[in-house]
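# Observations on the model geometry
For reference, the chains in residue letters:
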Amino acid sequence: MTQFRAHPILSPVLGLEGYYEPASTDEALDILRQGSGNYKPFAGGTDVMINLRRRTVTYKGLVNIKRLPGITSWSNKAGEGLHIGAATPFGDLESSPSVTQRYSALAESIRVIGSVQLRNMATIGGNLCNASPAADSAPALIVSKATITFTGNGEGTRSCLVEQFFRGPGRSILDSDGLLLSLDIPEPEPNSGDCFQRFTPRGALDIGIASAASRVTLDQSSGRVLEAVIALGAVAPTPVRAVKAEEALVGHEPTSDLMAQAAKIAKEECNPISDIRGSASYRQALVEVLVRRTLEQAVERAQK
Amino acid sequence: MEHYSLKINGHVYETGAEPFESLLDVLREKLRLTGSKKGCDEGECGSCTVLLDGKPVLSCILMVSDVRDREVLTVEGLPQGGEPHPIQVEMTERGGIQCGYCTPGIIMSAYALLQENPRPSEDEIRFAIAGNICRCTGYSKIVEALQAAAGTPIR
């Protein structure tokens, strides 16, 4: 194996026995399988390092995936959209006009993650694989109809919508030997607009109490809603769609009244828990406000 | 077992570090570059901020195996010819420092900002240092110091 590095003596503080830097996907999958569930893929490390130190998780080995070909880079092709390697740091996307000018919801979700320093380390694939119900990028990626490409799980390489990726808090469809490789975000359709907002007590370095992303596509001649996609964060075991609220919008003129009505439906549709960050009823109240605001902003952008 | 040589402030150091030591521990304990501070040690407070290939990162949760073949700049690398950097001067003279613990991190975040955007607005300054927590100053004096360092009007 090329570029295979194993360190027999590793930091006893972290409880690790092995550290690997595979140079190919096949090699990475071999190593993960050898670890039989005890090895963890490692990218930005902003969650893994902290969890290891706090001893909230134990892994026998870490598989640093950042040397896999193309996994830390991204591209923007006209007609195709964004192709993003799973270990691309958020900071690389945040600073690019090709993201901020056309992918508003995604750009808005990236800007609120952690801090400047954290975003230069934390990766977009890591945010999804960590599978937090509050993952900031998830609602924006869902309404952007982003797909992910992954491998392992005992099968070959395949793709699915980001929406289908989550299974529960901290759980995704990936097994312990699964590997997220890349994301693809299609170019926004004409006459469409999107927006992401979240609510936190602090302006930075905080976890959202609730978040929402909305995307609206309008019919060019009538101005009516052709399609609406609404995704919510931190109000269910996984990021979720507000399907009934979406249905209430389709075929109608996007008036303020209609958007307020859709926001009320989204509020009733979600079923959050109460925890240290907020009560269930507070989260529902936030959902109504966030859905209304993101819909209004999305429609305004679609009409431009 | 591999020992890592790291390029820090233009010098190459043989660290004898293990791959999973944090860059911050290696800087402070092995190399005695104690300018970078350990506050929370879990990536929240920003006092350990250093630049990696010109971008601010959190050295407390950055493992040294991700630093090899790259360039690190710490607060010790800012002075030129024995003279402190203008950001250091303004922070000192305009009350941007009280206890001083967050200061090296603030200075590195500000340095990274001014490299990319030499005349930032107040909002841009506040956005750039949002990852640096200061318990003493209330941030106003820090923002004023950074505006002075950038040569932009102080409100």
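These remarks concern the structure in this document. (Residues numbered from 1 in each chain as written. Chains lettered and ligands numbered in written order. Predicted model: local features only at pLDDT ≥ 70, side-chain atom pairs only at ≥ 80, totals over all residues. Heavy atoms only, no water.)

### Points about the overall build of chain A
Within chain A, the regular secondary structure consists of 11 helices and 14 strands. Computed over the C-alpha atoms, the radius of gyration of chain A is 20 Å, within 12% of the 19 Å expected from 2.2 N^0.38 for a compact globule of 304 residues. Viewed in the frame of its principal axes, chain A has a C-alpha envelope of about 65 × 45 × 35 Å. Taken over 304 residues, chain A has a buried fraction of 54%. The distance from the centre of the 31 positive side-chain charges to the centre of the 32 negative ones in chain A is 6 Å. (Helix = DSSP H or I, 4+ residues; strand = E, 2+ residues; numbered from the N terminus. Rg over C-alpha atoms; globule rule 2.2 N^0.38 Å. Buried < 20%, exposed > 50% of the residue type's maximum accessible area, 1.4 Å probe, protein only. Lys, Arg positive; Asp, Glu negative; His and termini not counted. Charge placed at Lys NZ, Arg CZ, Asp CG, Glu CD.)

### Some points on the packing of aromatic side chains
Applying the stated criterion across every chain, the model contains five aromatic pairs over all chains. On the basis of an interplanar angle of 85° and a centroid distance of 5.0 Å, the ring pair of tyrosine 19 of chain A and phenylalanine 20 of chain B is categorised as edge-to-face. In this pair, tyrosine 19 of chain A sits in strand β1 (residues 18–20) while phenylalanine 20 of chain B sits in the loop between β2 (11–14) and α1 (23–30), so the two residues belong to two different chains. Its relative accessible area of 0% is what places tyrosine 19 of chain A among the buried residues. What makes phenylalanine 20 of chain B buried here is its relative accessible area of 3%. (Phe/Tyr/Trp six-rings, centres within 6.5 Å; stacked < 30°, edge-to-face > 60°.)

### Concerning the environment of proline 104 of chain B
Residue and element names in this part refer to chain B. If you trace the backbone, proline 104 turns up in helix α3 (residues 103–116). Sequence-wise, proline 104 and leucine 146 are 42 residues apart; in three dimensions their C-alpha atoms are separated by 13 Å. With sequence-adjacent residues up to four places away left out, proline 104 is seen in contact with Gly35, Lys37 and Val75. (Contact = heavy atoms within 4.5 Å.)

### A word on the pattern of salt bridges
Residues and elements named next belong to chain A. Applying the stated criterion to the full structure yields 28 salt bridges over all chains. Ionic pairing is found between arginine 33 and aspartate 30, a salt bridge with its closest N-O pair at 3.3 Å. Remark: aspartate 30 and arginine 33 occur in helix α1 (residues 25–34); sequence separation between them is three residues, near one turn of the helix. Take arginine 33: its relative accessible area is 44%, and that puts it in the partly exposed class. Using a relative accessible area of 33% as the deciding quantity, one classes aspartate 30 as partly exposed. (Salt bridge = Lys/Arg side-chain N within 4 Å of Asp/Glu carboxyl O.)

### Focus: the pairing of strand β1 (residues 5–8) of chain B
All names here are of chain B. Only one face of β1 is covered, namely the one carrying Leu6 and Ile8; the face carrying Ser5 and Lys7 has none of its residues buried. Bridging between β1 and β2 involves four bridges; their strand directions are antiparallel. From the neighbouring strand, isoleucine 8 faces β2, where its bridge partner is histidine 11. The hairpin formed by β1 and β2 contains two residues between the paired strands, and asparagine 9 there has a positive phi angle of roughly 50°. Relative to strand β5 (residues 71–73), β1 runs parallel, the two being bridged by two bridges. Bridge assignment links isoleucine 8 to a residue of β5, and that residue is valine 72. (Pairing = 2+ DSSP bridges.)

### Overview of the interface of chain A and chain B
Contacts between the two partners involve 32 residues from chain A, matched on the other side by 32 residues from chain B. Counting each side, the surface lost to burial between chain A and chain B is near 2,700 Å², with a carbon and sulfur contribution of 58%. By the criterion of area lost to chain B, the three top residues of chain A are Gln117, Met121 and Leu205 of chain A, representing 23% of everything that side buries. Run the count over chain A and chain B and you get five salt bridges. As a salt-bridge pair, aspartate 41 of chain B and arginine 53 of chain A come within 3.5 Å of each other at their nearest N and O atoms. At the boundary of chain A with chain B, the tally comes to 12 residue pairs in polar contact (both at pLDDT 80 or more). Looking at the side of chain A that touches chain B, the elements with two or more residues in it are α2 (48–54), β3 (61–64), α3 (90–94) and α6 (116–119) of chain A. Considering only residue class, the side of chain A that touches chain B consists of 15 nonpolar, seven polar and 10 charged. (Buried area = accessible area lost by both parts, 1.4 Å probe. Polar contact = N/O pair within 3.5 Å; in protein donor to acceptor, adjacent residues only side chain to side chain. Nonpolar A, V, L, I, M, F, W, Y, C, P; charged D, E, K, R; others polar.)

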